[in-house]
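An overview of the molecular structure
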Amino acid sequence: METIVSGMRPTGRLHLGHLHGALKNWLRLQEQYQCYFFVADWHALTTDYAAPQGIQQSTIEMVMDWLSIGLDPAKAVLFRQSRVKEHAELHLLYSMITPVPWLERNPTYKEQIKEIVDKDLSTYGFLGYPVLQAADITIYKANKVPVGVDQAPHVELTREIVRRFNQIYRPIFPEPEVLLTETQKMPGLDGRKMSKSYGNAVFLSDTPKEIDQKLSRMMTDPARVRRNDPGEPEKCPAFQLHKVYCTPQEIDYVSQGCRSAGIGCLDCKKIMIKHVIDDLAPFREKRAYYQDKPGEVEAVLATGNQTAQKAAAATMDEVRGTLGL
Ligand code: TRP
Ligand code: SF4
């Protein structure tokens, strides 16, 4: 069976963007591959080194969401990066053979340096972010790495580092392939990309009432100022959710009603909101179960940490042997 590795930084409660981005994909993959899914808590420190206090809580909340959406510790290894120290050791060895210019020309690096102005990105750790990621991936000898387009350059770098390692020492690592996650577009309440930091997110753990209130206020086609103004669904952020959640009949009905001004925006959104709320019902049930049992989440992670550590230790034995360390 082929091996898959992917990680998520501990951001706390997950939202619909995560669901239709990574999570749905992970659920499918856990059925077909040996999957290692982990909380990338060391990676969180590369941009937020001064605020480590929230990491523990965010980790538990995120893994609670993982379990509640159906990630299954009997199928996938769920663990926490910082509990498997071997990642750090392999990262160190990779850092010896990784040319600095490879890191400096990484598109994600250049973009973040330009765009993120409220954080200190001038650190060694931030530049080396993809080297740590290369260690995360290859320590399990992953064949495939499911990530969004923004992360694809990191996996490309992983391949380059692996090629270099295999060539300098001995070919012990497979070159992992990107498994590009096909994401359904999931705009936030204000039409921008859904993100916790924009305050425009619908969280998986929101109550039906919160979901209803948030989505009822969601941005629509700005052309529909008054009830009688016709609109164009494709210009309406809320309609992106209709496309994900509604039946073809409902989508037709809504599109026509929008273009002819036959339906009001609130009525239109109500049709979609019901689906969003219903779709998350099984999630809420499981989330309520775990809510009062953080110990159970800790136990799942403890088991996963152990399984991951065993696999990582075996790889590191091989690596140390190869280097004569
Ligand atoms: N860099 C990824 C992100 O920000 C998280 C991550 C860390 C990761 N290590 C990984 C993803 C290894 C895939 C494989 O989303
Ligand atoms: Fe969007 Fe529906 Fe309003 Fe059209 S009627 S703008 S699709 S919410």
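Just so it is clear, the structure is predicted and the values come from calculations on it, not from any experiment. (Residues numbered from 1 in each chain as written. Chains lettered and ligands numbered in written order. Predicted model: local features only at pLDDT ≥ 70, side-chain atom pairs only at ≥ 80, totals over all residues. Heavy atoms only, no water.)

1. A short note on unusual backbone geometry
Rules: Under the scheme used here, helices are H or I runs from DSSP no shorter than 4 residues and strands are E runs no shorter than 2 residues, and both carry numbers assigned from the N terminus. The cut-offs for exposure are 20% and 50% of the maximum accessible area for each residue type, with area from a 1.4 Å probe on protein chains only; residues under the lower value are buried, those over the upper are exposed, and the others partly exposed.
Despite not being glycine, K141 has its phi angle at roughly 50°, a positive value. Following the sequence through the fold, K141 ends up in the loop between α8 (129-138) and β4 (144-147). With relative accessibility at 26%, the residue K141 sits in the partly exposed group. Phi angles above zero are rare outside glycine, and A261 is one such case at about 60°. With respect to the secondary-structure elements, A261 resides in the loop between α12 (248-259) and α13 (265-279).

2. Comments concerning the domain arrangement of the protein
The condition that has to hold: Start and end positions for the domains come from either an automated domain assignment or a database one. Should any heavy atoms of two residues lie within 4.5 Å, those residues are counted as being in contact. A quick way to say it: buried area is the sum, across both parts, of accessible area lost when two parts are put together, with a 1.4 Å probe. Salt bridges are defined as contacts in which a side-chain nitrogen from Lys or Arg sits within 4 Å of a carboxyl oxygen from Asp or Glu. Within 3.5 Å is the distance limit for a polar contact, defined as a pair of N or O atoms, with the added protein rule that one can donate a hydrogen and the other accept it, and that residues adjacent in sequence qualify only through two side-chain atoms. Throughout, the ten residues Ala, Val, Leu, Ile, Met, Phe, Trp, Tyr, Cys and Pro are labelled nonpolar, Asp, Glu, Lys and Arg are labelled charged, and all others, Gly among them, are labelled polar.
When the domains of the protein are assigned, the result is domain 1 (3-187 + 293-323) and domain 2 (205-279). If you look at the interface, domain 1 gives nine residues, while domain 2 gives 10 residues. Summed over both partners, the interface of domain 1 with domain 2 buries about 760 Å², with 57% contributed by carbon and sulfur atoms. Seen at the junction of domain 1 and domain 2, the total is one salt bridge. Across the salt bridge formed by D206 and R13, the nearest N and O atoms sit 3.7 Å from each other. Connecting domain 1 to domain 2 are two residue pairs in polar contact (both at pLDDT 80 or more). Classifying every residue of the side of domain 1 that touches domain 2 gives four nonpolar, two polar and three charged.

3. Details of the site of ligand 2
Where we set the bar: One heavy atom within 4 Å of a molecule or strand makes the whole residue count as near it. Cavity means a closed set of points on a 1 Å grid over the protein atoms alone, one where a 1.4 Å probe fits but cannot get out, pocket means an open set with protein on both sides within 12 Å along at least 5 of 7 lines, and lining means a residue has an atom within 4 Å of a point. Think of it this way: if more than half of a molecule's atoms are within 2 Å of a pocket's grid points, that molecule is in the pocket or cavity.
Inspection of the region around ligand 2 gives T220, D221, R224, C236, C258, C265, C268 and K269 as its neighbouring residues. Put simply, ligand 2 lies in the largest cavity. Top element by residues in the shell around ligand 2 is α13. It accounts for three residues. For the shell around ligand 2, the residue count by class is four nonpolar, one polar and three charged.

4. With respect to the pairing of strand β5 (residues 177-180)
Spelled out, the test is: Strand pairing requires that DSSP identify at least two bridges connecting the strands. The handedness rule is simple: strands pointing away from the viewer, and a clockwise path from the first strand over the helix to the second, make the crossover right-handed.
Pairing of β4 with β5, which is carried by four bridges, proceeds in the parallel orientation. If you follow V147 over to β5, its bridge partner there is L180. The parallel pair β4 and β5 is bridged by helix α9 (residues 152-168), and the resulting crossover is right-handed.

5. Digging into empty space enclosed by the protein
Any empty space left between the atoms is revealed when a probe the size of a water molecule rolls over them. Using the following cut-off: Grid points are joined across faces, edges and corners, and a volume is the space filled by probe spheres set on the points.
In the structure shown here, the tally under the stated rule is three cavities of 30 Å³ or more. Quantified by volume, the largest cavity comes out at close to 80 Å³. What lines the largest cavity is a set of 13 residues, and nearest its centre among them are T220, C236, C258, C265 and C268. Of all the secondary-structure elements, those providing two or more residues to the lining of the largest cavity are α11 (237-245), α12 and α13.

6. Looking at the site of ligand 1
To keep it simple, the criterion reads: Using a 1.4 Å probe, the Shrake-Rupley method yields the accessible areas, and only the shown protein chains count as cover for residues.
Neighbouring residues of ligand 1: 13 residues in total, closest R9, Y129, Q133, D136 and Q151. R9 is positioned such that a nitrogen or oxygen atom in its side chain is 3.0 Å from an oxygen atom of ligand 1. Separating a nitrogen atom of ligand 1 from a side-chain N or O atom of Y129 is a distance of 2.8 Å. Across the complex, the protein chains shield 92% of the 370 Å² of accessible surface that ligand 1 would expose by itself. Broken down by secondary-structure element, the contributors of at least two residues to the shell around ligand 1 are β1 (3-8), α8 and β4. The element contributing the most residues to the shell around ligand 1 is α8, with four residues. Within the shell around ligand 1, the residues separate by chemical class into six nonpolar, five polar and two charged.

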